[in-house]
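# Coordinate inspection notes
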Amino acid sequence: MTDSLDFISARELAGLVAARQISPVELTQRALARAEATQASLNAFCLLLPEQALSAARRAESAVIRGEPLGSLHGLPISVKDLISIAGLPYASGSRAMGGNLGKYNAPAVERVRAEGAIIIGKTTTSEFGCKPVGDSPLTGITRHPWDLDKTPGGSSAGAAASVAAGITPFALGTDGGGSLRIPAAFTGLVGFKASFGRVPVWPTSATPTLAHVGALARNVGDAALLARAIAGYDARDPFSLVGPAPDFAAAAEAPVKGLRIAWSPSLGYAHPEKEVVEITARAAQALSDQGAHVEEVDTVFDQDPAGLWRAEFYAGVGTRLKAVLETRRELLDPAVVKVLDIALAQKLHDYYAAVFERYELRDRMRRFFSRYDLLLSPTLPISALDAGQDLPPGYGDEELVTWAAYTYPFNLTGQPAASVCAGLTQAGMPVGIQVVGKALGEHAVLSVAAALERLHPPGYNLRMT
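What you see is a predicted model; the values in this text were computed from it and never measured. (Residues numbered from 1 in each chain as written. Predicted model: local features only at pLDDT ≥ 70, side-chain atom pairs only at ≥ 80, totals over all residues. Heavy atoms only, no water.)

Let's shift gears to helix 9 (residues 275-287). Between its first and last C-alpha atoms helix 9 spans 18 Å; for 13 residues at 1.5 Å apiece the expected length is 18 Å, and the two agree. Buried within helix 9 are the following residues: Val277, Ile280, Thr281, Ala282, Ala284, Ala285 and Ala287. Check the buried side of helix 9 and you find it contacts strand 9 (261-264), strand 10 (294-297), strand 11 (375-379), strand 12 (418-425), strand 13 (431-438) and helix 15 (443-454). (Helix = DSSP H or I, 4+ residues; strand = E, 2+ residues; numbered from the N terminus. Expected span 1.5 Å × (residues − 1). Buried < 20%, exposed > 50% of the residue type's maximum accessible area, 1.4 Å probe, protein only. Contact = heavy atoms within 4.5 Å.)

So, on to the side chain of Thr208. Here Thr208 lies in the loop between strand 7 (191-194) and strand 8 (213-218). Its relative accessible area of 6% is what places Thr208 among the buried residues. Beyond its immediate chain neighbours, meaning those up to four positions away, Thr208 contacts Phe314 and Val318.

At a minimum axis separation of 8 Å, helix 4 (residues 108-115) and helix 7 (residues 221-231) run at an interaxial angle of 110°. The angle between the axes of helix 4 and helix 7 places the two elements in the roughly perpendicular class. The chirality of how helix 4 crosses helix 7 is right-handed. The segment helix 4 lies against helix 7, with Ala109, Arg112 and Val113 engaging Leu227, Ala230 and Ile231. (Axes fitted to C-alpha atoms, helices over the stretch in contact; angles between N-to-C directions. Parallel < 35°, antiparallel > 145°, perpendicular 65-115°, else oblique. Left-handed = near helix turned anticlockwise from the far one by under 90°.)

On to the nonpolar core. In a soluble, globular protein the nonpolar side chains are often hidden away together inside. Residues Leu173 and Val449 are the most contacted members of the largest nonpolar core, which totals 75 residues. Among residues more than four places away in sequence, those in contact with Val449 are Val257, Leu260, Ile262, Leu288, Leu375, Leu377 and Val436. Ranked by size, the runner-up nonpolar core spans 47 residues in total, among them Ala307, Leu309, Phe314 and Leu322. (Core = buried A, V, L, I, M, F, W, Y, C linked by side-chain atoms within 4.5 Å.)

The element strand 3 (residues 119-124) is largely enclosed, with a buried count of six among its six residues. In this structure, strand 1 (residues 45-48) lies alongside strand 3, joined through three bridges in antiparallel fashion. Directly across from Phe45, in strand 3, lies its bridge partner Thr124. Pairing between strand 2 (residues 77-81) and strand 3: five bridges, direction parallel. Bridge assignment links Ser79 to a residue of strand 3, and that residue is Gly122. (Pairing = 2+ DSSP bridges.)

Moving on, we get to the packing of aromatic side chains. With the rule as written, the count across this model stands at 15 aromatic pairs. Between the aromatic rings of Phe197 and Phe240, the centroid separation amounts to 5.2 Å while the plane-to-plane angle is 55°, which identifies the pairing as tilted. Note that Phe197 is positioned in the loop between strand 7 and strand 8 and Phe240 in the loop between helix 7 and helix 8 (249-252), a separation of 43 residues in sequence. For Phe197, a relative accessible area of 18% translates into the label buried. (Phe/Tyr/Trp six-rings, centres within 6.5 Å; stacked < 30°, edge-to-face > 60°.)

Glancing now at the sheet that holds strand 13. Ordered in space as 1-3-2-6-8-7-12-13-11-9-10, the 11 strands form an open sheet in which the pairing is mixed. The sheet is open, and its two edges are formed by strand 1 and strand 10, each paired on a single side. Recorded for the sheet is a direction-independent mean angle of 25° between the axes of neighbouring strands. Pairing of strand 2 with strand 6 (residues 171-176), which is carried by three bridges, proceeds in the parallel orientation. Bridge pairing in strand 6 places Ser79 opposite Ala172.

A few words now on the environment of Ala161. Of note, Ala161 is situated in helix 5 (residues 158-165). By relative accessible area, Ala161 is classed as buried at 0%. Sequence-wise, Ala161 and Leu217 are 56 residues apart; in three dimensions their C-alpha atoms are separated by 6.6 Å. If sequence neighbours within four positions are ignored, Ala161 has contacts with Pro184, Thr188, Leu190 and Leu217.

Have a look at this one:
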């Protein structure tokens, strides 16, 4: 086992396991050792599970030796974000107020990755209840960027992104209620993919049930597609779960983009991106023309920033879950989170439902927009890096916790599938993400274009470790 194996794709690793060239036990030992060695610097994990992981790895190894049928993720180490329940394990959601909480159930995604043979090595850090797009919380402290320890990996799937970007695990389970997969993917040069709302079941019920997704973080599109396929599919416990088989995500990642109608929007009509971010993402978007896609620049996708609609829903849900804590133990919570939760809980019922109906109008606007286009491209974030421990980038002081991110939360409001893939590196050597958004149930085109964008760069060009 050498360091060169740390960044091999999940699909290659699965093939090596099946061919008995790599042992699940050795892979798991390597992942645990790397997690422990980087914990002091990265702080990617809030919980490591050496005994459970090695026990599962030994069972996986025995299955290989006996020649049993193997799952698509057999023997591969994976991490699970602490907004996802695992029965009997700490389930604090990044909050000191939930410090003693244990998961009562296994989330469907946890059940499914285990059924496919993956080895869960631990739970990863998150901002408190996923409320911030950066990587810190009062419970776990600051999670740092593997490329530059002075920077945040983004959030709220902070530890998930750090574990993958650092070569600890080939992929990770994260969540996305406003961009929490795509934001850290953009900061760390990874692929973050959320399927259409309801494609991957979310249970136990999220604090933000009409916005929340469980999805994949990986170092390439093919691995993200592999993990997404493993966790997708109907589950009766989630009332929003889509009935019917999930698409073949792996095949989608191999499909050509010729003939696709693609809208490219540098700002969506309201965002304020850095010049270098626009230049890098615009080059990537226009390069799709060379692969046969029809790319058209669209200045305005939204008449105004839909942040208010998102805040009304997301923070009201989290605030309701934490209402008793806010009333009696608010000192346990992140002060920045307390501020936005107080505002959300103060909204009147009439105003809340006015926002609900505006959200329906927004969804209908997107339906009409996607009658003209197959896909929408934009920057994933307006910036390429943010200092660790900061809530807002310099120059964005008039924004709120999430609104500076600008590009991601609209597509939680609409429920459309979306991915972030690395478009290139800045002069300072930090990754820049480009966001690919598809029409409802249009994951096939999203993954196809994400893979085409990935092919613009040599394999592994964006992998680096401090």
